[in-house]
Amino acid sequence: MTGSPRNRKIKLAFETTSLRIPLGDIEPMRVVTSTIKKSVKYAQIAASIREVGIIEPPVVVRVKGKEDRYRLLDGHMRIEILKERGDKDVVCLIATDDEAITYNKRISRMAIVQEHKMILKALEKGVSEERLARALNVNITTIRDKRRLLDGICREVEKLLQDRMVPINTFSELKKMRPMRQIEAAETMIAMNKFSWPYAKSLVAATPQHQLVSDKKKAVRGLSDEQLDHMEREATNIDREFRMIEQSYGTDHLDLVLATGYLCRLIENVRVVHHLARHHPELLAEFQRIVQLRNAA
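Quick notes on the rules
- Here the residue numbering is sequential within each chain, running from 1 through the sequence in written order.
- Totals for whole chains, interfaces and linings use every residue, but because this is a predicted model, local features are given only for residues with pLDDT of at least 70 and side-chain atom pairs only at 80 or more, for both listing and counting.
- Calculation of side-chain values draws on the structure's entire complement of heavy atoms; hydrogens and water are dropped beforehand.
- Elements are defined by DSSP. Helices are runs of H or I of four residues or more, strands are runs of E of two residues or more, and each kind is numbered from the N terminus.
- Burial status follows relative accessibility: with a 1.4 Å probe on protein chains alone, a residue under 20% of its type maximum counts as buried, one over 50% as exposed, and anything between as partly exposed.
- Throughout, a residue-residue contact means that at least one pair of heavy atoms, one from each residue, lies within 4.5 Å.
- Computed with a 1.4 Å probe, the accessible areas rest on the Shrake-Rupley method; for each residue, only the protein chains presented here act as cover.
- Each salt bridge in this description consists of a side-chain nitrogen of Lys or Arg and a carboxyl oxygen of Asp or Glu lying within 4 Å of one another.
- Across the chain, each position has a pLDDT score giving the predictor's confidence in that residue, from 0 to 100.
- Only strands joined by at least two bridges in the DSSP assignment are considered to pair.
- To get an axis, a line is fitted to the C-alpha atoms, and for a helix only the part in contact is used. The angle between two axes follows their N-to-C directions and goes from 0 to 180 degrees.
- Only Phe, Tyr and Trp rings take part, Trp by its six-membered ring, and two of them pair if their centres are within 6.5 Å. Stacked means planes under 30 degrees apart, edge-to-face means over 60, and tilted covers everything else.
- Charges are assigned to positions over rings by a cutoff of 6 Å between ring centre and Lys NZ or Arg CZ, combined with an angular limit of 35 degrees from the ring normal.

**Here we look at the overall build of the chain**
Of the regular secondary structure elements, the chain holds 13 helices and five strands. Looking at the chain as a whole, 29% of its 297 residues are labelled buried. The contacts in the chain between residues at least 6 apart in sequence include a share of 69% that link residues at least 24 apart. Accessible surface computed for the chain: about 20100 Å², of which carbon and sulfur atoms make up 55%.

**As for the pattern of salt bridges**
Enumeration according to the criterion identifies 17 salt bridges in this entry. Of the charged contacts, one joins R20 and D89 as a salt bridge, the two residues approaching to 3.1 Å between their closest N and O atoms. Of this pair, R20 sits in strand β1 (residues 19–22) while D89 sits in strand β5 (residues 89–95), and the two are 69 residues apart along the sequence. The exposed category is assigned to R20, whose relative accessible area is 53%. Put simply, D25, E27 and R69 are held in one network by salt bridges that share partners.

**As for the confidence of the model for the chain**
Taken residue by residue, the chain gives an average pLDDT of 81. The fraction at 70 or more is 78%. The model gives residues 100–108 a pLDDT under 50, and that stretch makes nine contacts with residues more than four places away or in other chains.

**Structural notes on the sheet that holds strand β4 (residues 70–74)**
As summarised here, the arrangement of the five strands in space is β1-β5-β3-β4-β2, forming an open sheet in which the pairing is mixed. Each having just a single partner strand, β1 and β2 (26–27) make up the two edges of the open sheet. Sheet topology places strand β3 (residues 59–62) next to β4; four bridges connect them, and they run antiparallel. Across the sheet, V61 pairs through a bridge with R71, a residue of β4. Contacts from helix α3 (residues 76–85) reach β2, β4 and β5, with the element oriented near 120° to β4.

**Some thoughts on the pairing of β3**
Bridge count for β3 against β5 is three bridges, and the pairing is parallel. Following the sheet pairing, V61 is matched in β5 by A95.

**Here's the deal with the packing of aromatic side chains**
Taken as a whole, this structure holds zero aromatic pairs when the rule is applied. A cation over a ring is seen here: K201 above W197, with NZ or CZ 4.8 Å from the ring centre.

**Here's the deal with the side chain of T260**
If you trace the backbone, T260 turns up in helix α11 (residues 225–268). By relative accessible area, which is 12% here, T260 ends up buried. In this structure, T260 is in contact with I290 and R294, ignoring residues within four places of it in sequence.

**Remarks on the pairing of β5**
Looking at chain direction, β1 and β5 are connected through four bridges and run antiparallel. When the bridges of β5 are listed, R20 appears paired with V91.

**As for the environment of C92**
By secondary structure assignment, the location of C92 is in strand β5. The exposure class assigned to C92 is buried, which follows from its relative accessible area of 0%. For C92 and L19, which are 73 residues apart along the polypeptide, the C-alpha to C-alpha distance reads 5.4 Å. Ignoring anything within four residues of it in the chain, the contact list for C92 reads S18, L19, I21, I26, P57, P58 and V60.

Okay, here's the thing in structure tokens:
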């Protein structure tokens, strides 16, 4: 390390002030095709700009050697919509580096829980449901469904899923379960990295009646009562085995790392390799395969 942390300079990703730039001075990196213009996303962005203006400024970088020229890194659809509207300029963020290749990878798409919170904040500030629906280019029923997204969802599940891309229908299935079962289902979805509506429905189907909110006996199309009982038992066994594996995973993983490291050192020893090749060739082949897999990982 060179220099103390106090003396080390931190480079900013953006210039400290935004800038209003004529649209004609911004060079796009790609063309917004007619297919993109017909997409739902394009229509949503256009509706949002029409109702509430630009919320997230486009990102540009200065073109070296060309004064007052800028290359567009992020916001191609926004810029195209502004041009179609007849706007002459736009406020932009000025990036300090040309990172057009990696910039979009750093963008976090809004999870539905975050969108729910955004809608609640907008409503608290007096924005009507009708205006929100127009801004997001959706019908008012969708706004109301997202507003009530977490009704019946326990706080622990909200925290578990707040940054996950979870379909709204999945939350509808979670609401059918009691809080402790909701938590178990959410943890299972995270472990399996599966948040789809059909998967959530399968978790509900495998949930014992006493862990459901409704007292009405559940019915699953195509399954008899006996099959449902069997499914519940199997789900309970799988969940118990999963918890046991989860608890021992850290220790097992450490043991595996140590064991493979030791094998690597053995294989590097010429005398050991010669001995194994002469007396235990099958073990040598297996050890070499493990070392190759470790090195390839």
